[in-house]
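Structural characterization, general
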Amino acid sequence: MTVLVFVETEAGQVRQASRSAIAAAEKLGDVHALVVGDAAASEAAAAAAAKVPGVAKVLKAGADVLAHDLAEPLADLIVSLAGNYTHLLAASSAIGKNVMPRVAALLDVQPIPDVMAIVDADTFVRPIYAGNALATVKSSDAKKVLTIRAASFDPAPAEGGSAPVEAVNVTVQDTTSRFVSQHTPTSDRPELESARVIVSGGRGLQSGENFHKYLEPLADKLGAAIGASRVAVDSGYVPNDCQVGQTGKIVAPELYIAVGISGAIQHLAGMKDSKVIVAINKDPEAPIVQVADYSLIGDLFEIVPELTAAL
Amino acid sequence: MKILVPVKRVVDYNIKVRVKSDGTGVETAGLKMSMNPFDEIAVEEAVRLREKGAATEVVAVSIGVQQAQDTLRTALAMGADRAILVLTEESPEPLAVAKILKVLVEREKPELAFLGKQAIDDDMNATGQMLAGLLGWPQGTFASKVEIVDGRAEVTREIDGGSETVSLTLPAIVTADLRLNEPRYASLPNIMKAKKKPLETLQGADLGVDLTRRLTTVSVAEPPSRKAGVTVKSVAELVEKLRNEAKVI
Ligand SMILES: Cc1cc2nc3c(=O)[nH]c(=O)nc-3n(C[C@H](O)[C@H](O)[C@H](O)COP(=O)(O)OP(=O)(O)OC[C@H]3O[C@@H](n4cnc5c(N)ncnc54)[C@H](O)[C@@H]3O)c2cc1C
Ligand SMILES: Cc1cc2nc3c(=O)[nH]c(=O)nc-3n(C[C@H](O)[C@H](O)[C@H](O)COP(=O)(O)OP(=O)(O)OC[C@H]3O[C@@H](n4cnc5c(N)ncnc54)[C@H](O)[C@@H]3O)c2cc1C
């Protein structure tokens, strides 16, 4: 069997979430990696993808219409390549979730989102009800369209391989959707999905100013990414891409420190697979305390500076 | 401009479901059911566009069992003008839902369909994108802002690392993210009024759509539970545990 993985790159490397998708694909068959972009970007992306061990071949699609990963032309491209493959995969990233269901519809396939485990070529495990239940589903479709939950598969290494690159002749066009602008503030911090340590704040922080004053120094000490609850995002303390949870990012770091977060079902859905969870909360009854390995009960405004100083 | 808003009846977001002891599914009998929270946001956005004069009619649609009527009445109380219920088994797959919605779109000819980005029961996050694919319409998913400018939809979308804006020709599909708006509560007078608004019922089987499931559920299990943790007394004890017991710092 040969499977196609849509691969995202960033700064000359394959994104970790895509390397997890490649690792998942290796369980199914030979892996072909598809990279897209304008001519220059697709060239760089192909070079990065070729280095991932486990990739047998890189398909490079370079064209201006593919420059911004718009779902409409990208789905048409993937569909045009689908004939050769039993499975089509992508990471459960913003792009994967946008494109793959569209691909599936065009192929008359029911997609299987957020795959956490591969049982066999037709059978997959995925979370339902915010991860409160895990469903094992078997697909009767001839082709499978999957998105892969990055936190569930150890990523393939970024370096070490040298797969051949084949250019794809791009004929797709689209006039319905146009890219206007992008706002992606850069930060020196690690990405949430690939961070080893995450320091996450909730309503208890009370303001963006306090995130800055209390959480950032702690995150700096630990080399951690900063996460947040929905309330902290909705209240404008931190940008929306910091949200962890059912409808935000799904993370599984080695260490997750939840500060002033109650641990609502929707928040737990995004972080309860973390290896070690620490709760800092003034309420011993907060649900986060029930899932935490270590809880420290008290006022975060006293505890956090003390912890920062102790590290 | 007409807007179609598909709304789904789901277990209320405040409820933590239990897996059935025989592993065939989750226990939903007797649980409080509500409109999928993302769909409330979609209804709100559509109603606001009509209130601003940018849209003329908001049509809510639900596909499922008879009780999905209640969900449609909620949409009508929030301000939708009329509703369509398509009777099928409980919770058809997104592929089937998208195919049914395509039939309704061909009949109703809306210029926009607003969906929720995902349903909180099955978390598929698929139906809007699939409908867009079947119709060949552009899609603005995970929307945090929607504006109708010069006959196009400008949609700001939440993406990894920030946001982006795309401009779509109409007709188009938009799926609502959490921060698009804060949905209103239906007032009592509006709930009363909603009872008189038109609600049409169709049989899914009559729409000429193949509803056969492509996925069968082999089993449903509880996620592995975490072992009970401990409460530490001090910052010093926490640091000691993280260093020497958990070995993560
Ligand atoms: C459809 C839907 C999707 C959602 N998706 C998500 C999601 O993806 N992610 C998410 O996080 N939420 C999500 N939510 C929201 C979720 O239900 C909760 O409302 C939210 O997670 C609560 O945020 P919080 O823990 O910061 O706030 P709260 O629940 O208000 O908790 C604040 C906590 O801080 C503690 N605290 C306050 N002051 C101090 C202090 N000085 N020192 C120590 N502790 C203090 C309190 O004891 C409390 O436990 C979603 C909701 C819905 C309806
Ligand atoms: C225990 C259990 C067992 C299951 N077993 C199976 C099985 O054997 N086979 C199987 O295929 N599936 C099974 N399912 C999944 C079930 O069929 C889902 O309802 C289906 O996959 C829909 O996914 P979703 O609602 O998450 O769609 P999403 O794509 O997440 O929904 C997005 C949006 O689409 C719209 N929408 C979705 N559905 C409707 C609707 N019915 N009416 C109107 N608008 C709608 C709404 O605007 C919604 O916000 C099972 C689920 C459970 C809980």
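Residues numbered from 1 in each chain as written. Chains lettered and ligands numbered in written order. Predicted model: local features only at pLDDT ≥ 70, side-chain atom pairs only at ≥ 80, totals over all residues. Heavy atoms only, no water.

**Points about the overall build of chain B**
Each helix and strand counted, chain B has six helices and 15 strands in total. Expressed as lengths along the three principal axes of its C-alpha atoms, the size of chain B is roughly 65 × 45 × 40 Å. Per-residue burial over chain B gives 57% buried out of 249 residues. In chain B, 71% of the contacts between residues at least 6 apart in sequence involve partners at least 24 apart. With an accessible surface of roughly 10,700 Å², chain B has 50% of that area assigned to carbon and sulfur atoms. Taking the average location of the 34 positive side-chain charges in chain B and that of its 35 negative ones, the two points are 3 Å from each other. (Helix = DSSP H or I, 4+ residues; strand = E, 2+ residues; numbered from the N terminus. Buried < 20%, exposed > 50% of the residue type's maximum accessible area, 1.4 Å probe, protein only. Contact = heavy atoms within 4.5 Å. Areas by Shrake-Rupley, 256 points an atom, 1.4 Å probe, with all protein chains shown as cover. Lys, Arg positive; Asp, Glu negative; His and termini not counted. Charge placed at Lys NZ, Arg CZ, Asp CG, Glu CD.)

**Description of the UniProt feature "domain: Electron transfer flavoprotein alpha/beta-subunit N-terminal" (unreviewed entry) in chain A**
The UniProt record annotates "domain: Electron transfer flavoprotein alpha/beta-subunit N-terminal" (unreviewed entry) at residues 3-183 of chain A. Between the C-alpha atoms that bound residues 3-183 of chain A there is a distance of 33 Å. The span itself is 26% helix and 36% strand. (UniProt positions renumbered as here; feature names shortened; annotations may be inferred.)

**Details of the site of ligand 1**
Neighbouring ligand 1 are 28 residues; Arg203(A), Ser229(A), Thr247(A), Ser262(A) and Asn281(A) lie closest to it. More than one chain reaches ligand 1: the nearby residues come from chains A and B. One of the side-chain nitrogen or oxygen atoms of Ser262(A) is found 2.6 Å away from an oxygen atom of ligand 1. The set of elements that each furnish at least two residues to the shell around ligand 1 consists of α6 (230-234), α7 (265-271) and α9 (300-310) of chain A together with α1 (37-51) of chain B. Within the shell around ligand 1, the residues separate by chemical class into nine nonpolar, 14 polar and five charged. (Near = heavy atom within 4 Å. Polar contact = N/O pair within 3.5 Å; in protein donor to acceptor, adjacent residues only side chain to side chain. Nonpolar A, V, L, I, M, F, W, Y, C, P; charged D, E, K, R; others polar.)

**Details of empty space enclosed by the protein**
Inspection of the entire model under this criterion finds five cavities of 30 Å³ or more. When its volume is computed, the largest cavity comes out at roughly 110 Å³. What lines the largest cavity is a set of 13 residues, and nearest its centre among them are Tyr129(A), Ala130(A), Tyr13(B), Ile15(B) and Ile120(B). Two domains each put at least three residues into the lining of the largest cavity: domain 1 (2-167) and domain 2 (192-310) of chain A. The volume enclosed by the second largest cavity comes to roughly 50 Å³. Forming the walls of the second largest cavity are Gly12(A), Gln13(A), Val14(A), Ala48(A), Lys51(A), Val52(A), Ala158(A) and Glu159(A). Split by residue class, the lining of the second largest cavity holds four nonpolar, two polar and two charged. (1 Å grid on protein atoms, 1.4 Å probe; cavity = no way out; pocket = protein on both sides within 12 Å on 5 of 7 lines; lining within 4 Å. Points joined across faces, edges and corners; volume = space filled by probe spheres on them. Domains from an automatic or database assignment.)

**Focus on the site of ligand 2**
Among the 32 residues in the neighbourhood of ligand 2, the closest are listed as Lys8(B), Asp39(B), Ser91(B), Glu93(B) and Thr217(B). Proximal residues around ligand 2 fall on chains A and B, making this an inter-chain site. Contact distances for ligand 2 include 2.6 Å between a nitrogen atom and a backbone N or O atom of Ile63(B). Within the backbone of Asp123(B), one N or O atom sits 3.4 Å away from an oxygen atom of ligand 2. Calculation on ligand 2 without its partners gives an accessible area of 970 Å², and the protein chains cover 93% of this total.

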